[in-house]
Amino acid sequence: MNKKILILGDTGMLGSKILDQSKVLGFETYGCSRHSDDIKLDLTNITKTRRMLNRIKPDVLINSAAEINFNKCEKDIDHALKINSFLVKNLAKWSSENRKKFIQVSTDQFFSKSKKKKNSENEIVSFVNNYGVTKYIGEIFAKETKNHLILRTNIIGLKKEKDNFLSWVINSIKKKR
């Protein structure tokens, strides 16, 4: 029997790549997000999210869904907490109850106070913005399930929308700004 993989945030830069590669590797793969071609869902709705998880019953749950707009996180921390923290709590709880693997994609937007050396995952962090705070809270929730993996990453790339950092850099170079 093939493993079922559910990727939350499947329309984002990372989620879309994980979805594509999982299919290429032959996994039974599902994607879910507000704008997904597969499963459209507001993941902040705990009841509907749990209903969807119970229907699909994935063996591996990968959460790459996040509010990544730093300005929006600064202006509306409640919204950022719903997606970057409390969604993770819900997913970790479901994964624990169902003994499933849970992979949480996090960030490097929190740093130790020492910038002279590389940071280890066990160092004390200091937050630089609300995005980092909400993602770190999500990590704490992810650790509540025994079978978890947290990936701290920094992703810069092109996404479907034109308004992203890499597009700005490329356009600035083209316009010689």
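Rules behind the numbers
Here the residue numbers are simple positions, counted from 1 along each chain's written sequence. Reporting in this predicted model follows two pLDDT cut-offs: at least 70 for local features of residues, and 80 or more for side-chain atom pairs to be given and counted; totals over whole chains, interfaces and linings ignore these cut-offs and use all residues. The side-chain values count all of the structure's non-hydrogen atoms but skip hydrogen atoms and water molecules. Secondary structure elements are defined from DSSP: runs of H or I of at least 4 residues count as helices, runs of E of at least 2 residues count as strands, and each element is numbered from the N terminus. To estimate the expected span of a helix, subtract one from its residue number and multiply by 1.5 Å. As used here, the term nonpolar core means buried Ala, Val, Leu, Ile, Met, Phe, Trp, Tyr and Cys residues forming a set that is joined through side-chain atoms within 4.5 Å. A simple rule labels every residue: compare its accessible area, found with a 1.4 Å probe on the protein chains alone, to the largest value its type can have, and call it buried under 20%, exposed over 50%, or partly exposed in between.

Novice: Looking at this model, I keep getting lost on helix α4 (residues 77-98). Mind explaining?
Specialist: Since the α-helix turns once every 3.6 residues, residues separated by three or four places project in the same direction. Taking 1.5 Å per residue, 22 residues should reach 32 Å; α4 reaches 30 Å between its end C-alpha atoms and fits that length. Downstream of α4 by a residue or two, Arg 99 has a phi angle that is positive, lying close to 55°.

Novice: How do you make sense of the nonpolar core when you look at a structure like this?
Specialist: One broad rule of soluble globular proteins: the nonpolar side chains tend to lie buried together. Leu 6, Leu 8, Cys 32, Leu 43, Met 52 and Leu 61 are the most contacted members of the largest nonpolar core, which totals 19 residues. Of all elements in the fold, only β1 (4-8), α2 (46-56), α4 and α5 (130-142) reach the threshold of two or more residues within this core. If one sorts the elements of this core by residue count, α4 sits on top with five residues. With seven residues, the next largest nonpolar core counts Ile 7, Ile 18, Leu 19 and Ile 62 among its residues.

Novice: Looking at this model, I keep getting lost on unusual backbone geometry. Mind explaining?
Specialist: For residues that are not glycine, phi is negative in most cases, and the peptide bond is trans in most cases. Look at Lys 57: it is not a glycine, yet its phi comes out positive at around 55°. Within the secondary structure layout, Lys 57 lies in the loop between α2 and β4 (60-63). Residue class for Lys 57 comes out exposed when judged on its relative accessible area of 52%. A positive phi is found at Arg 99, a non-glycine position, where the angle reads about 55°. On the basis of relative accessibility, which here comes to 76%, the residue Arg 99 falls in the exposed class.

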